[in-house]
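Summary of structural features
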Amino acid sequence: MIRPFLFFLFVMLANNALLTQDTLVKGSVNDAITNLPIVGVIVTIEDSSLSTSTDDFGQFYFHENIPLGEQVLRIEHLQYTTKRYPIIINEGQTIDIQDMVLTFNVVDNNALYIISISDDQLNSEDDGLTSNVSGLLQSSKDAFLSAAAYDFSATFFRPRGLDNANSKVLINGLELNKQNTGRPQWGNWGGINDVQRNQEFSMGMASNDYSFGDLAGTNNIIMRASKYRKGGRLSLASANRSYQGRLMLSYNSGIMKNNWAYSVLASRRFGNGGYVEGTLYDANSFAASVEKQINDRHSINLTTIYAKNRRGKGTALTDEVFNLKGRQYNPFWGEQNGKIRNSRIRKIEEPIIMLNHYWNISEKTGINTNIGYQFGTSGNTRVDNGGTRLVNFQGQDSYIGGARNTDPTYYQNLPSYFLNVEGGPTAYNYEQAYIARQTFQNDGQFNWNDLYTANTDSANQGFNSIYAIQEDRVDDKQLMANAIFDTELSDNIRLNAAVNYRHLKSENFALVSDLLGGTGYLDVDFFSDETTESTDGTLTTAQSDIRNPNRIVTEGERYKYNYNIDATVCSAFAQSVFNYSKVDFYLAGNVSTTNYQREGLFENGYFTGHSFGRGEKVQFKNFGAKAGVTYKVSGRHILDFNGAYMTKAPNMRNTFANVRQSNMLIEDVDSEIITSIDASYIFRSTIVKARLTGFYSNFKKGTETGFYYSEGVGNNLVQEAVTGIETQRIGAEFGIEAQVTPTVKLKGAVSVGQYTYNNNPNLTFYSQEFGVGRAVFGNGTTNLENLHISGGPEQALQLGFEYRDPGYWNVGVTANHFSKVYVNTSAIKRSAAFVTDPELYSEAEFQEGTADGAVYVLTGGEINNIDPDIAKQLLQQEQFDSYMLVNIIGGKSWRMGDYFAGFFATINNVLNEEYKTGGFEQSRRVDYRSQLVEQTNVNGPVFGNRYFFGNGTTYYLNVYVRF
């Protein structure tokens, strides 16, 4: 029923537009420098009572009581120079004046990008992989980037195959990317959308006034009090995606008579659960900017951001769990005293303070000096089920306790576990699998009561807690400072330069967040298999801190691991931009130094002498160069080229081995070498705007790390380090929009790419069992060459239309097709571990030879009778099915005197399509024999691939009043 309705709606709206014969005056207003739309421009037909303002897309309409003949159209905005346009209005005709421009009215020469961003676009505030386009794409009217921001982002789509760690996000010129991961953490400024609409975006490696940038672009969010339009905005939102409700209120004073200006915003977002069950949302945000224009040359601005948020997490599901419970299922929550409680909570509370000084040395030269400080905490909770008690028997210490995994999706709770039997399942096995299936389907949620009961019973016997809530905390304090220089050397040449400094002190530790009814928790490693004692009788390897053995910790105390990391980054860049009538080009260079040093506050029993105190300081020196040229063939045809070569330091996460327990560095970690080129053809006319871009990028000496439990590495929790990675991304993107009638616009977008590994990189394992050594399989490599990099679809296609009625309402429909989505591959599965029998490993290989730097070659026994065809099938990278998502967007606005009111709504995935947005192979069982058993199991693999499933039909509704 929905598909015929959409087709009927399209036909009716198009016919209505084509048959309209009323007198109509319409148009759009853009920034003269950026060509981006300006919201809130007052448009008046002089000597008449007709006045309106541009909407969120820079568009305006007059359609009632329009005076005929020669008239003057006046367009004015507080921050721009007013302009007057003479027009002639004839009855029954349409005057369409698109892309009128206003020049920014500022003392200095740094024009700002005044843009309009929908509330829905800014709601993707995750700091993880799902936020690949947040902030990067929302600041452009480019048809392709608009499609990527609005419609493609729900699918983990990565423009040009680039992670958001390849982008730069700045606020008032200061970089906010986290040094731990290299990614922007959008939760640090979530919920303050209305004061972050002024943004300056540089696509890809294009020139940028503030930073050398990165391949996925640079986005500078401008939060100067004097740059906001005077007035306020109140909005209410309802949704079923991440939060359920939002209230936001903001007010901007504009520049007052005493040359002061201020801007304030407060918001609250809340919900017991989004589309995925049990994902609570509790967030409060506040932002304020105050600016004093001292004189024509000096201005000082102070900005503060406080965004505290707490969110319940979901997880990836196997096909078995998905088939039993559906895509909204979340195993992390259960009821406690009649209320939903999630065991995995993400917390962020990291305020930001910035002080900015703007100095106009002359009409053509200015210096912007900025200093910022960010501090606070972020953490993730989970259940710790390793609680024990210390027992001494005949002078020998031992630990008794621990409990099974509390996750409802733990493999021993699922039907597949009971059918994974050598020789095939029996009738009894099928009966057990049926009972497991019924139990899981009828409940399958986290059982809080069992945890409290177990801890209470243990406490009544005088013992410690068996279960506790562990919070993995990061408390950061970061000082940021830079100076940005800008000057016009001549009418055609402009010079930008900047020096930057960032110093981070990061405290990392585990915290006992909740004892769940118990009295204390013994801080030891229950899984330590040490059989010998130290001189005082203590089992040393079991101790998280041998300087305080067998500690009983209570709520709020640190345990398990505790360390600091100091990180310092110093950089400088310079850029020259040349503008001529036919050709524009730029040249830019960058140098930087990055230093990391770990300081252990616990001395771990597995790493005595290598975990306490300051470790080795590691330094990376890097440089970059880029250039670009734009050739204006004519007013309609433009050619654009960009190229870059640079090196980039690894982030903190990819530098240290077993960072929670030791000062060790990953072997062979190095700066990444990046080469990139792109070429574009741009066409612009009064009806059609289009861009076609081809791109290529190559990355060498990359590093990726991960933690998991593997039966293939002697049943150990290991850190996997893949180093020396070479990848390439090649493809094309195309966007087009056509204003076929004054009210109807057709649009399309296409992305086609291939993102693959170019070599077989090194594979190394670090574990407590190897001490300060490391382990490899075979020749120490993994066969990843020609496999695809996971991260959303490599191919995306959009077709859509928009209808904008002169009565200030609009509707748009898009159909979006996605294909070539690949699962994230297991590196260990494609190493020599695949042909090695884990049951034949020598125990001595794991227990002896712990001299510094020892390398363990895990050979064991080779599996016989491997069928090459079956092995190839087992190692085949999974490609997901293609899918199509239909989205609808619409809104309506009213003007009531000096007030504006309206609503904006979207419905995503109208047809309720089921699809996988990503996933990863598990690395627990990886050898040929285990994989063969896994893939032939009656009820599917016990440790099958885990998938992220896209949302079904969701909505977002925002109602607002501007005053």
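Values in this document were obtained by computation on a predicted structure and should not be read as measured data. The residue numbers shown here count from 1 along each chain, following its written sequence. Confidence filtering applies because this is a predicted model: local features only for residues at pLDDT of at least 70, side-chain atom pairs given and counted only at 80 or more, and all residues used for totals across whole chains, interfaces and linings. Values reported for side chains reflect all heavy atoms of the structure, with hydrogen atoms and water molecules removed beforehand.

1. Here's the deal with the overall build of the protein chain
Cut-off, in case you're wondering: Helix numbering and strand numbering both begin at the N terminus, where a helix is a DSSP run of H or I of at least 4 residues and a strand a DSSP run of E of at least 2. The cut-offs for exposure are 20% and 50% of the maximum accessible area for each residue type, with area from a 1.4 Å probe on protein chains only; residues under the lower value are buried, those over the upper are exposed, and the others partly exposed. Contacts were defined at the residue level, with two residues in contact if any of their heavy atoms lie within 4.5 Å. Accessibility throughout is a Shrake-Rupley quantity obtained with a 1.4 Å probe, and a residue counts as covered only by protein chains that appear here. Under the convention used here, Asp and Glu are negative, Lys and Arg are positive, and both His and the chain ends fall outside the count. By convention, charge coordinates are those of NZ in Lys, CZ in Arg, CG in Asp, or CD in Glu.
Looking only at helices and strands, the protein chain has nine helices and 49 strands in total. Here the C-alpha coordinates of the protein chain stretch approximately 105 × 65 × 55 Å along the principal axes. When the 963 residues of the protein chain are sorted by exposure, 55% land in the buried category. Sequence-distant contacts, at least 24 apart, represent 72% of the contacts inside the protein chain between residues at least 6 apart. About 39,900 Å² of surface is accessible on the protein chain, with carbon and sulfur atoms providing 53% of the total. Averaging the coordinates of the 82 positive side-chain charges in the protein chain and doing the same for the 101 negative ones gives two points 7 Å apart.

2. Thoughts on the sheet that holds strand S9 (residues 174-175)
What counts here: In this description, strands pair whenever DSSP reports at least two bridges between them.
The mixed open sheet is built from four strands, whose spatial order is S9-S8-S11-S10. Edge positions in the sheet fall to S9 and strand S10 (199-202), since each of these pairs with one other strand and no more. Looking at chain direction, S10 and strand S11 (residues 218-221) are connected through four bridges and run antiparallel. The residue of S11 that forms the bridge with Ser202 is Thr218.

3. A short note on the pattern of salt bridges
Spelled out, the test is: Put simply, a salt bridge is a Lys or Arg side-chain nitrogen that is within 4 Å of an Asp or Glu carboxyl oxygen.
Under the defined criterion, the tally for this structure stands at 46 salt bridges. Note that Asp670 is salt-bridged to Lys701, the shortest N-O span being 3.6 Å. Residue Asp670 is found in the loop between strand S33 (637-648) and strand S34 (672-684), and its partner Lys701 is found in strand S35 (residues 688-710); the two are separated by 31 residues along the sequence. For Asp670, a relative accessible area of 33% puts it in the partly exposed group. A relative accessible area of 40% means that Lys701 is categorised as partly exposed.

4. Observations regarding the sheet that holds strand S5 (residues 69-76)
The strands making up a sheet are joined through hydrogen bonds of the backbone, oriented either antiparallel or parallel. Condition: Fitted lines through C-alpha atoms give the axes, limited to the stretch in contact for helices. The angle between two N-to-C directions lies from 0 to 180 degrees.
Judged by pairing direction, the sheet is antiparallel, and its four strands sit side by side in the order S3-S2-S5-S6 without closing on themselves. Only two strands of the sheet have a single neighbouring strand rather than two, namely strand S3 (51-53) and strand S6 (83-89). Adjacent strand axes in the sheet meet at a mean angle of 25° when their direction is disregarded.

5. Brief notes about the side chain of Lys916
Note the threshold: We call two N or O atoms a polar contact when they sit within 3.5 Å, provided that within protein one can donate a hydrogen and the other can accept it, with sequence-adjacent residues counted only if both atoms are side-chain atoms.
Within the secondary structure, Lys916 is located in strand S47 (residues 916-920). Polar side-chain contacts of Lys916 include one of 3.2 Å to the side chain of Asp319. When near neighbours in sequence (up to four residues on either side) are disregarded, Lys916 contacts Asp319, Val821, Glu878, Phe880, Tyr883, Tyr947, Phe948 and Phe949.

6. Quick word on the confidence of the model for the protein chain
In low-pLDDT regions, the fine details of the predicted coordinates are not to be read closely. To be explicit about the condition: On a range of 0 to 100, pLDDT expresses the predictor's confidence in each residue.
Looking at the protein chain as a whole, its pLDDT mean stands at 88, while 90% of the residues score no less than 70. Under a pLDDT of 50 for its full length, residues 1-20 has, in the predicted model, 20 contacts with residues more than four places off or in other chains. Segment residues 106-140 is flagged for pLDDT under 50; beyond a separation of four residues in sequence, or across chains, it makes 129 contacts in the model.

7. A short note on helix H9 (residues 928-935)
For clarity, the threshold we go by: As used here, the arc is the angular range of directions from the helix axis to the C-beta atoms.
Every buried residue of H9 is accounted for by Tyr928, Ser930, Gln931 and Glu934. Down the axis, H9 shows its buried residues gathered within 160° of arc, on one side only. Contacts made by the buried residues of H9 are with helix H8 (868-874). A distance of 3.2 Å separates the backbone nitrogen of Arg929 from a side-chain oxygen at the start of H9, and that oxygen is part of Asp927.

8. Observations concerning unusual backbone geometry
In this model, Asp668 sits at a positive phi of 70°, which is unusual for a non-glycine residue. Note on Asp668: relative accessible area 54%, which makes it exposed. Even without being glycine, Lys701 reaches a positive phi, approximately 60°.

9. Focus: the side chain of Asp927
Position of Asp927 among the secondary structure elements: in the loop between S47 and H9. The buried charged residue Asp927 lacks any salt bridge, with Arg929 as its nearest oppositely charged partner at 5.1 Å. Reaching out from Asp927, the side chain makes a polar contact with the backbone nitrogen of Arg929 at a distance of 3.2 Å. Engagement of the side chain of Asp927 in a polar contact is seen with the side chain of Ser930, the distance being 2.7 Å. When near neighbours in sequence (up to four residues on either side) are disregarded, Asp927 contacts Ala833, Phe834, Thr836, Pro838 and Ile863.

10. A few points about the pairing of S35
Summarising the sheet, S34 and S35 pair through 12 bridges and their orientation is antiparallel. Among the inter-strand pairings, Ile682 is bridged to a residue of S35, identified as Arg691. Taking the residues that link successive antiparallel strands as the turn, the S34-S35 hairpin has three residues. In the sheet, S35 pairs with strand S36 (residues 716-739) via 21 bridges, with the strands oriented antiparallel. By the bridge assignment for S36, Lys689 is matched with Glu737. The loop that links S35 with its antiparallel partner S36 comprises five residues; one of these, Gly714, has a positive phi angle of about 70°.

11. Digging into the environment of Ser465
By secondary structure assignment, the location of Ser465 is in the loop between helix H6 (448-460) and strand S25 (468-488). By relative accessible area, Ser465 is classed as buried at 1%. The residues contacting Ser465, other than those within four sequence positions of it, are Gly387, Thr388, Asn455, Leu515, Gly518, Thr519, Gly520 and Tyr521. In terms of polar contacts, Ser465 uses its side chain to reach the backbone carbonyl oxygen of Leu515, at 3.5 Å.

12. Quick word on the packing of aromatic side chains
Convention followed: Stacked, edge-to-face and tilted are the three classes for Phe, Tyr and Trp ring pairs, Trp counted by its six-membered ring, which pair at centre distances within 6.5 Å; planes under 30 degrees apart are stacked, over 60 edge-to-face, the rest tilted. Working rule: Lys NZ or Arg CZ, within 6 Å of ring centre, within 35 degrees of ring normal, means a charge sits over the ring.
Scanning the model with the defined rule gives 33 aromatic pairs in all. Relative to Phe440, the ring of Tyr329 lies with its centre 5.6 Å away and its plane at 75°, an arrangement referred to as edge-to-face. Residue Tyr329 is located in the loop between helix H3 (319-325) and strand S18 (333-336), and its partner Phe440 is located in helix H5 (residues 427-442); the two are separated by 111 residues in the primary sequence. Owing to a relative accessible area of 4%, Phe440 belongs among the buried residues under this scheme. Ring plane angle 15° and centroid distance 4.5 Å describe the contact between Phe578 and Phe585, whose orientation is recorded as stacked. Among the residues examined, Phe578 registers a relative accessible area of 16% and is labelled buried. Clustering of aromatic rings is evident, with ring pairs tying together Phe144, Phe152, Phe157, Phe818, Tyr883 and Tyr915. Looking at Arg729, its charged tip hangs above the ring of Phe699, at a distance of 4.6 Å from the centre.

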